[in-house]
Every structure is written in structure tokens, then in C-alpha cells.
Amino acid sequence: MARSVSWFSWSVSALLTVAVALNADAGDSELSAALVGPTFTVTSGTVNDVGANTVAYNCTNDEYFIVWTDWHTAGNARVNQNDIYGRRVAADGGFVGGILDVYSDSSGKFEPSLVHDPIHNQYLVTWLYQGGGPGSPGFNHAYGRVIAATGSAITAPQDYAVPGLERTMVFNPSAGNEGEFFFLGRSFAADYPSGIYHQRVSSAGVAAGAVMIESEGAPGPAGQVALNPWTSQYLVTWRGQSLENLNCRIVSADGSFATDTFEISLVYPVASGLAAG
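The sections below set out a description of the structure shown in this document. All values derive from a computational prediction rather than experimental measurement.

Across the sheet, four strands lie side by side as β17-β18-β19-β20; this open sheet has antiparallel pairing. The sheet is open, and its two borders are formed by β17 (222-228) and β20 (262-265), each paired with just one other strand. Adjacent strand axes in the sheet meet at a mean angle of 25 degrees, parallel and antiparallel pairs treated alike. Sheet topology places β17 next to strand β18 (residues 233-240); five bridges connect them, and they run antiparallel. Of the residues in β18, the one forming a bridge with Val225 is Val236.

In this section: a nonpolar patch on the surface. Taken together, Leu235, Phe262 and Ile264 make up a surface patch of nonpolar side chains, about 250 Å² in accessible area. Note on placement: Ile264 falls in strand β20. Look at Ile264 and you get partly exposed, because its relative accessible area is 46%.

Another aspect to go through is unusual backbone geometry. Located in the positive-phi region is Glu111, a residue other than glycine, with phi close to 45 degrees. Secondary-structure assignment places Glu111 in strand β9 (residues 108-117). We classify Glu111 as partly exposed; its relative accessible area is 22%.

To continue, consider the sheet that holds strand β13 (residues 165-172). Taken together, four strands build an open sheet; the order of strands is β13-β14-β15-β16 and the sheet is antiparallel. Strands with a single pairing partner mark the edges of an open sheet, and in this sheet they are β13 and β16 (211-214). Strand-to-strand twist across the sheet, computed as the mean angle between neighbouring axes with direction ignored, equals 25 degrees. As paired elements, strand β15 (residues 195-202) and β16 share three bridges and run antiparallel to each other.

Calculation notes
Residues numbered from 1 in each chain as written. Predicted model: local features only at pLDDT ≥ 70, side-chain atom pairs only at ≥ 80, totals over all residues. Heavy atoms only, no water. Pairing = 2+ DSSP bridges. Helix = DSSP H or I, 4+ residues; strand = E, 2+ residues; numbered from the N terminus. Axes fitted to C-alpha atoms, helices over the stretch in contact; angles between N-to-C directions. Patch = residues over 30% accessible without salt bridge, like charges linked within 9 Å, V, L, I, M, F, W, Y side chains within 5 Å. Areas by Shrake-Rupley, 256 points an atom, 1.4 Å probe, with all protein chains shown as cover. Salt bridge = Lys/Arg side-chain N within 4 Å of Asp/Glu carboxyl O. Buried < 20%, exposed > 50% of the residue type's maximum accessible area, 1.4 Å probe, protein only.

Take a look at the structure:
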């Protein structure tokens with residue numbers, strides 16, 4: 001069945017910049033932090049209810065970009081249709097323009113993820129696509145598009161032909177000709193064998209072939225991916241479903257495996273949450 005979501009209305013809000021200051025009094029080098037300004041509302045629901053959201057910092061423009069899902073309704077009931085919207089927020093908490101339509105159509109779209117490319121000053125936005133429900137083409141695939149820093153679309157939405165559950169993403173400025181995006185996802189109830197997969201996407205939004213990292217029947221959840229900028233390698237993590245352990249592997253910039261799978265922890269129950277990158 002399609003991914004379930006709690007039925008309540010909420011808005012995307014944000015805390016204004018958290019200021020971290022160095023306390024140099026009397027040689028004291030401890031860091032202290034304080035909130036700067038009140039909570040502010042980014043959107044109260046463009047169409048109806050706001051779903052999952054994610055945020056990235058743009059170091060070129062010194063601003064943030066927030067992306068979220070917005071639910072549609074038929075009467076008083078939700079339907080399996082939601083759109084992807086975004087909004088730019090300045091470093092001081094002020095809005096840069098209005099709400100942006102990242103992608104809208106009649107399909108089901110969930111769990112948006114977002115990463116900034118500082119070389120071209122653009123973003124890759126991806127989401128979990130559920131189309132017309134289980135069995136429909138592209139069900140539970142990762143879809144995405146490249147978005148300019150202004151919020152305008154650079155590429156059309158496309159099926160990246162890789163499982164899209166629990167995606168985490170990074171941008172690697174050293175990979176490919178002009179940098180690449182790299183993301184991790186899990187296959188479940190899709191037209192792929194159950195497993196943890198990675199996908200490379202060029203700065204132009206073109207995907208390389210999906211690669212399965214590990215298959216344990218139904219591994220899950222997918223964990224996190226972290227970039228080592230010195231070696232241009234990735235560390236990816238996931239939970240082993242059968243042994244309930246925490247595993248990881250190092251992947252090279254070209255997508256090949258730099259190491260075999262190795263275990264981080266013998267015990268990693270579902271309640272522990274995702275592995276932090």
C-alpha cells in the first residue's frame with residue numbers, strides 16, 4: 001500500500017539563526033550559543049497540509065533553501081497527491097521572494113531531500129515517487145530535478161531509476177568533470193530486489209547506473225552517507241534487517257567499492273533510529 005502519513009495539519013516553521021560566539025574572557029575558550037530572534041512561519045500550507053520538509057544552506061548566496069511536500073484534498077479527505085514547494089530564506093531570517101513550485105502534478109510524492117552544489121550554485125531536489133500506487137511504473141523510485149539558486153527549474157523531473165526510500169545525499173565537488181551528487185536509498189515493494197543502493201548524478205542532473213551496495217533480503221532502514229573530501233570517497237551506513245546490526249562500507253567517487261561491508265555494531269534495533277553520517 002502507499003506510504004501512510006499522520007493526519008494532522010501543521011506548518012513549516014524555523015528558528016532564526018543560532019549565533020555561536022567565542023567567549024574569550026580571561027582566556028576562556030568555551031563556546032556559547034543563543035537564539036537570535038523568534039520562531040517564524042515559512043508556510044501554513046499552500047494547498048492544505050504541509051508534509052515532510054528539508055533544508056540546505058547556500059554558501060554562495062548566504063541563504064537557506066527549504067523544500068517541503070504540500071497535500072491535496074478531495075472534500076475533507078486527503079488524496080494520494082502532493083506537490084513539492086520551496087522557499088528561500090536569507091541568513092538573517094528574512095524571506096527572499098515567495099513560495100516556489102518545485103514540482104506539481106497528480107502523482108504521489110513523499111520525503112523530499114535536498115543538497116546544494118556550490119560550484120554551479122544550484123540544488124538537486126529528489127523525492128520518493130509513488131505514482132498511481134503499488135505496481136505502477138516507477139513506484140517507490142527516486143525522482144528529482146536540478147533547481148537554480150533562484151528556485152527556477154533547470155532540468156525536467158526525471159526517474160533516477162534507483163530505489164527512493166530513506167534517501168540521504170551529498171555533493172562531491174571532486175567527482176566527475178564538474179562535481180557530482182551522490183545519494184543512498186533503500187528498495188522495498190518496488191521493481192528492484194530489496195537492498196541498499198547508491199546513485200551518482202552529474203551536476204547537469206544526469207544519473208549514472210544504480211548500484212546495489214548490499215542485499216540482506218530486506219535491509220532497512222538506509223542510514224546516512226558522508227563525504228571524505230580528502231579522498232573523494234563516501235562512507236555509507238545501513239541497518240541489517242536479519243541480524244539487526246549496523247553496517248557500513250566505503251565507496252569510491254566512481255561508485256566502485258573501496259572496502260567490503262564491515263560491521264560497526266552487533267546490536268542496532270529499529271528503535272535506535274538511523275545511523276548518523
